[in-house]
Every structure is written in C-alpha cells, then in structure tokens.
Amino acid sequence: MIESRPSELPYIERVWRSRSDDVSQMMSIATSHWELVFWEHRGEVQAAVLGPESRASRAPVPEDAVFFGISFALGTSMPHIPVSRLVDGNAAIPDVTRRSLWLKGSAWHVPDYDNAEAFVRRMVREGIVDLDPVVPAVLDGARPDGSDRTLQRRFVAATGLTQGTIRQIHRARQAAVLVQEGVSAQEVVHRLGYFDQPHLARSLRRYVGRTATQLSAPDAAEPLSLLYKT
C-alpha cells in the first residue's frame, strides 16, 4: 500500500512512501508530474528523477523494496535536466547511500517522508529547482500576457507536456476514481465531458491502463491507493 500527504510548499504536489510487499509489478498510470524517487532493495539504495508519463504502462517492482518519493508541482522543473527530455523516461542519480547523495556537484543528506520540504527548500535556494508561475496561472484559468505560441512553449518547457495532454490525463484519473466508486460509465461521460462511452473507454485504456469493468471489479488486483500517487 502507499501512504501519501499533500504539502504546503508550492513546489511540491505530494510526498509519498510505500513498500512492495507481495507485488512484482504494477500499472504505472499516466501522470503529468515528475518525481524524485528513492528506494532501498536488499541493502542497496538508489535514486532517480522520473519524468512525466504520457500513457499507462506496466512497470516491474523489486520484491520487498521500500520507496519514498517527492512529486513536484506542475511548473516546477530542474533547469539542468530539462523535463521535456524525461517524458516517459528517467535519469538515475549516482553515488547514493542511505545517508547521502551527490546532486549537481554537492553532497546532500538523503531526505525522508517527514523532511522532504527542507530538502526541496535547499534545492530552490541553490537554483536546482525553479517554478514558472505561468503554468499554475494557466491551469487556474488565467490568461497571462504573451502570444498563445509563447505561452505554449513555456508550458511545454516547464512540464514536458502540452496543456491538452495534461488536462486529458487529469480527466482520465478523475474518471477512474469515479468508476471505482461505483458511478456508471454513462454518468462519468456526462460529468466529465467525454463525447460518449467509447471515448471514455479509449481514455481509460490509454492513461490508466484498465477498463471500466476492471476498475469497478470488487476484487481489482491493483487498487487506486497503489496507482494514484498524485
């Protein structure tokens, strides 16, 4: 199971941790957020920056591993690792131990579930993480100054994805939650503005990797508490 919490820091979407007991693989659903993830398996600690995922895919999970992750808010990026290069990919962080890691030429204490904010504040102070205010403003419905092309270019540079893709991912995740809560497919179509049920079905397959029937099954093998980190 996964445990997660929100954060008041504007750079962070959520902080989460989990253990891979009795799980050999999981459905990694589409997400518009990039993450910094640490995990320990058989005494070895590793870390990586995981980019946004534009579609659902199966992912192997090491047996009896412990994970901790920081999911960053939309618009937050690391200028030295362009997020556009990380979409559907990752970048390993070398020389990680239980206590320390090297990040952009400096030694850092490995963060944990309770002090993630202090770690990210240091990243901000040292210029490793930046936040483009245009992204949250646009997502909140504002219309910042600049041409549509300029805004779209800034949006993609900061998130790796277009506005349209992010909205489709978010809608599919909402749809999956509603379906698993027992809302009918027809009602989900109406609430979330899908054209019809086939449109909903294609969206769920692409972004969640499961059909409405699989999501609504009482014995679903992969509950949303595992799938939905953010």
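Note: the structure precedes this text.
Residues numbered from 1 in each chain as written. Predicted model: local features only at pLDDT ≥ 70, side-chain atom pairs only at ≥ 80, totals over all residues. Heavy atoms only, no water.

**Q** Requested: an account of the overall build of the chain, with residues and values cited.
**A** Secondary structure assignment for the chain yields eight helices and twelve strands. Compactness check: the chain gives a C-alpha radius of gyration of 18 Å against a globular reference of 17 Å for 230 residues, within 12% of the reference. The dimensions of the chain, computed from C-alpha atoms along their principal axes, are 55 × 50 × 30 Å. Here the chain holds 230 residues, and 45% of them are scored as buried. (Helix = DSSP H or I, 4+ residues; strand = E, 2+ residues; numbered from the N terminus. Rg over C-alpha atoms; globule rule 2.2 N^0.38 Å. Buried < 20%, exposed > 50% of the residue type's maximum accessible area, 1.4 Å probe, protein only.)

**Q** Kindly report on the packing of aromatic side chains, identifying the contributing residues and their values.
**A** By the definition in use, this model includes three aromatic pairs. Ring centres of W108 and F119 lie 5.1 Å apart, and the angle between their planes is 55°; this geometry places the pair in the tilted category. Highlighted residues: W108 in strand β11 (residues 106–109) and F119 in helix α1 (residues 116–125), separated in sequence by eleven residues. Taking the relative accessible area as the measure of exposure, W108 reaches 2% and is therefore buried. F119 gets classed as buried once you look at its relative accessible area, which sits at 6%. Above the plane of the ring of Y113 lies R17, whose end atom (NZ or CZ) is 3.9 Å from the centre. It is R122 that lies over the ring of W108; its NZ or CZ is 3.8 Å from the centre. (Phe/Tyr/Trp six-rings, centres within 6.5 Å; stacked < 30°, edge-to-face > 60°. Lys NZ or Arg CZ within 6 Å of the ring centre and 35° of its normal.)

**Q** With reference to specific residues and values, describe the side chain of S7.
**A** Along the polypeptide, S7 turns up in the loop between β1 (2–6) and β2 (12–19). Side-chain polar atoms of S7 contact the backbone nitrogen of L9, separated by 3.1 Å. A polar side-chain atom of S7 sits 2.8 Å from a polar atom in the side chain of E117. (Polar contact = N/O pair within 3.5 Å; in protein donor to acceptor, adjacent residues only side chain to side chain.)

**Q** Please provide a residue-by-residue account of empty space enclosed by the protein, values included.
**A** Following the criterion strictly, the structure yields two cavities of 30 Å³ or more and no others. For the second largest cavity, the full set of lining residues is T31, H33, E35, L50, G51 and E53. Of the residues in the lining of the second largest cavity, the class split is one nonpolar, three polar and two charged. (1 Å grid on protein atoms, 1.4 Å probe; cavity = no way out; pocket = protein on both sides within 12 Å on 5 of 7 lines; lining within 4 Å. Points joined across faces, edges and corners; volume = space filled by probe spheres on them. Nonpolar A, V, L, I, M, F, W, Y, C, P; charged D, E, K, R; others polar.)

**Q** Got a sec to walk through helix α5 (residues 185–192)? Specific residues and values, please.
**A** Three or more residues of α5 are buried, namely V188, V189 and L192. For α5, the angular spread of the buried residues around the axis is 100°, confining them to a single face. Among the exposed residues of α5, those pointing more than 90 degrees away from its buried face are Q186 and H190. Where α5 is buried, its residues meet α4 (163–180) and α6 (197–207). Just past α5, the residue G193 takes up positive phi, approximately 80°. (Arc of directions from axis to C-beta. Contact = heavy atoms within 4.5 Å.)

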